[in-house]
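Each chain, written out:
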Amino acid sequence: MAEKYDSTTATFMGVPRKEIPWWPTIDYAKCNFCMDCDKFCPHKVFEKHEDKEKKLVVANPYNCVVFCRACMKLCEPDALIFPEKKEITALIKNIRNKSENND
Amino acid sequence: MTKKVSVLPCCGINKTVGLVTTEIGLKLKEINRSIELISPATLSVDQKRFQELILESQVIVIDGCATRCATKLLENGQYTKVKRIFIPEESKKYEFRLGKTLRLSGEGKKFAEKIAKRILDELKKEAERVKEPIVERDFGTIDYFEVTYDKYHFRVPKAGYYFSENDCWVKQEGEKALLGVTDYLQNKSSDILFVDLPEIGKEVEQFDEIVNFESVKALLSLISPVSGVVSAINGKLEEEPDLLNNDPYEQGWTIEITLTDFDEEKELLMDGKTYFEYMKKKIEEEL
Ligand code: SF4
Ligand code: SF4
């Protein structure tokens, strides 16, 4: 799924996806590498590195759907951290206003 | 508690989160002997065995992890009333981390006991609560944009609705507004089994998750396109969650909100025409 989705050209609310810092951060002190988040997320945000110490990484942060937090809900040790939604909304509005003024 | 109650824990023996579901089931039975336990292993090979019980009781479904085995066992069966318990959610609620142990620790047992007692409290309160009468909303006649991909049909109302890029809609009605999910989102989740509605009076910020719903395929949320205060819920969804699938823009509405800042928030939303194009592009990317 999402094979044709290209995060380099994608936009969200009219703002380039690349300018919106929304994705989960893994708290490795808490993560037990159950991999449920990776199994669940259909957007290939995570990547498994079974042979490394960090067995799971956020490999494609810009594939993450802005304002989605579905994986956080199913993480039992609460190891997934997201940015403040309010700040991201403010940022999106800011960028939109700027580009409107430039037009 | 007047109605019969049964418990269906996932009982996953190879995960601590699974063990805790068994413990909750046992605790419930210890406290109230009239509660019936349903073995997921038996149910998986013999649907008929518990059929009657599942139909006539309120089933407490307890899942340890995202695989949601207990939920999936209910899929084919007929049931009337379900209460959902999801351990990752409980861990957050009680700020308790189970860790990975072969057997459930003493702390883990206490955690299970707390959850079991809370479940019983909630059942009692629910039984005492006077249900508000369900009032049908009148949507009049709505014109739709329509498109079909394979065997899936998608509609988007042409006017009166605003949409977010998270595939949720808002329909303003004066100071208030109704909220729901779009055909795209209901299609993605397929048959919805449970809808978890917020309490009336709850404050919502724009882009908060305000309604959670669940199908065999996925755990999904309605991300609120607007902020405000919940003024009504669609109680019908508790008994007929499939309204979200069959009629997402009308009788499958989820909540009503008293708007606080709609004029400004609207700027981040799309009208029907724009959302229809956005949705088609998204579907085509996924085909
Ligand atoms: S669900 Fe949580 S604990 Fe499991 S791998 Fe993902 S971040 Fe780690
Ligand atoms: S928030 Fe949603 S899209 Fe982003 S990684 Fe988690 S499940 Fe995937």
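No experiment lies behind these values; they were computed from the predicted model shown.

1. A word on the site of ligand 2
Thought 1: Inspection of the region around ligand 2 gives A:P24, A:C41, A:H43, A:V45, A:F46, A:C64, A:V65, A:C68, A:R69, A:C71 and A:F82 as its neighbouring residues.
Thought 2: Broken down by class, the residue content of the shell around ligand 2 amounts to nine nonpolar, one polar and one charged.

2. Things to note about the domain arrangement of chain B
Residues and elements named next belong to chain B.
Thought 1: According to the domain assignment, chain B consists of domain 1 (5-128) and domain 2 (144-286).
Thought 2: Put simply, the middle of domain 1 and the middle of domain 2, counted by C-alpha atoms, are 30 Å apart.
Thought 3: Residue-level contacts link nine residues of domain 1 with nine residues of domain 2.
Thought 4: Of the roughly 840 Å² buried between domain 1 and domain 2, counting both surfaces, carbon and sulfur atoms make up 59%.
Thought 5: Sorting the residues of domain 1 by area buried against domain 2 places R68, Y79 and R84 first, and these three jointly supply 46% of that buried surface.

3. Quick notes on the pattern of salt bridges
Thought 1: All told, the structure shown has 29 salt bridges over all chains when counted by the stated rule.
Thought 2: Its salt-bridge partner being A:D38, residue A:K48 comes within 4.0 Å of it at the nearest N-O pair. Taken together, the residues A:K48 in strand 4 (residues 46-48) and A:D38 in helix 1 (residues 36-40) connect sequence positions 10 residues apart.
Thought 3: Under the relative-accessibility criterion, A:K48 is labelled partly exposed at 42%.
Thought 4: For B:R49, the salt bridge goes to B:D46, with nearest N and O atoms at 3.6 Å.
Thought 5: Note on B:R49: relative accessible area 55%, which makes it exposed.
Thought 6: On the accessibility criterion, B:D46 (27% relative accessible area) is partly exposed.
Thought 7: Salt bridges linked by common partners bring B:K83, B:E90, B:K93, B:R118, B:E122 and B:E126 together as one network.

4. Examining the packing of helix 1 (residues 16-31) of chain B against helix 6 (residues 106-128) of chain B
All names here are of chain B.
Thought 1: Across the interface, helix 1 lies against helix 6 with an axial gap of 8 Å and an inter-helix angle of 55 degrees. The orientation of helix 1 relative to helix 6 falls into the category oblique. The interaxial crossing formed by helix 1 with helix 6 has right-handed handedness. On helix 6, the residues that touch V20, E23, I24, K27, L28 and I31 of helix 1 are G108, K109, F111, A112, E113, I115, A116, K117, I119 and L120.
Thought 2: Here the contact of helix 1 with helix 6 is built from residues that sort into 10 nonpolar, one polar and five charged.

5. A word on the sheet that holds strand 1 (residues 5-9) of chain B
All names here are of chain B.
Thought 1: Strand order in this open sheet of four strands is 2-1-3-4, and the pairing throughout is parallel. Two strands close off the open sheet at either side, each with one partner strand: strand 2 (36-37) and strand 4 (81-86).
Thought 2: Pairing of strand 1 with strand 3 (residues 58-63) involves five bridges; the strand directions are parallel. Within strand 3, the residue paired with S6 across the bridge is V59.

6. What about the confidence of the model for chain B?
Thought 1: Confidence in the prediction for chain B averages 92 pLDDT; 99% of positions are at 70 or higher.
Thought 2: Interface confidence for the predicted complex, expressed as ipTM, amounts to 0.88; the pTM equals 0.89.

7. Remarks on the pairing of strand 15 (residues 255-259) of chain B
Residue and element names in this part refer to chain B.
Thought 1: Within strand 15, four of the five residues are buried, which leaves the element mostly enclosed by the surrounding structure.
Thought 2: Direction of pairing for strand 14 (residues 228-233) relative to strand 15: antiparallel, over a ladder of five bridges. Within strand 15, the residue paired with I233 across the bridge is I255.

8. Here's the deal with the pairing of strand 5 (residues 144-149) of chain B
Thought 1: Strand direction decides the pairing type here: strand 5 of chain B and strand 6 (residues 152-157) of chain B, joined by six bridges, are antiparallel. Residue pairing in the sheet places B:Y144 in a bridge with B:P157 of strand 6 of chain B.

9. A few points about the interface of chain A and chain B
Thought 1: At the interface, 34 residues of chain A touch 36 residues of chain B.
Thought 2: Carbon and sulfur atoms supply 51% of the area buried between chain A and chain B, which totals about 2800 Å² over both sides.
Thought 3: The largest contributions to the chain A side of the interface with chain B come from A:M13, A:K73 and A:E76, which together make up 26% of the buried area.
Thought 4: On inspection of chain A and its partner chain B, the count reaches five salt bridges.
Thought 5: Where B:E205 meets A:K85, a salt bridge forms, and the shortest distance between an N and an O atom there is 3.5 Å.
Thought 6: Counting across the interface, chain A meets chain B through 14 residue pairs in polar contact (both at pLDDT 80 or more).
Thought 7: Of all the secondary-structure elements, those providing two or more residues to the side of chain A that touches chain B are strand 1 (11-12), helix 1, helix 2 (70-74) and helix 3 (85-102) of chain A.
Thought 8: It is helix 3 of chain A that provides the largest number of residues to the side of chain A that touches chain B, a total of six residues.

Conventions used here
- Residues numbered from 1 in each chain as written.
- Chains lettered and ligands numbered in written order.
- Predicted model: local features only at pLDDT ≥ 70, side-chain atom pairs only at ≥ 80, totals over all residues.
- Heavy atoms only, no water.
- Near = heavy atom within 4 Å.
- Nonpolar A, V, L, I, M, F, W, Y, C, P; charged D, E, K, R; others polar.
- Domains from an automatic or database assignment.
- Contact = heavy atoms within 4.5 Å.
- Buried area = accessible area lost by both parts, 1.4 Å probe.
- Salt bridge = Lys/Arg side-chain N within 4 Å of Asp/Glu carboxyl O.
- Helix = DSSP H or I, 4+ residues; strand = E, 2+ residues; numbered from the N terminus.
- Buried < 20%, exposed > 50% of the residue type's maximum accessible area, 1.4 Å probe, protein only.
- Axes fitted to C-alpha atoms, helices over the stretch in contact; angles between N-to-C directions.
- Parallel < 35°, antiparallel > 145°, perpendicular 65-115°, else oblique.
- Left-handed = near helix turned anticlockwise from the far one by under 90°.
- Pairing = 2+ DSSP bridges.
- pLDDT = per-residue confidence, 0-100.
- Polar contact = N/O pair within 3.5 Å; in protein donor to acceptor, adjacent residues only side chain to side chain.

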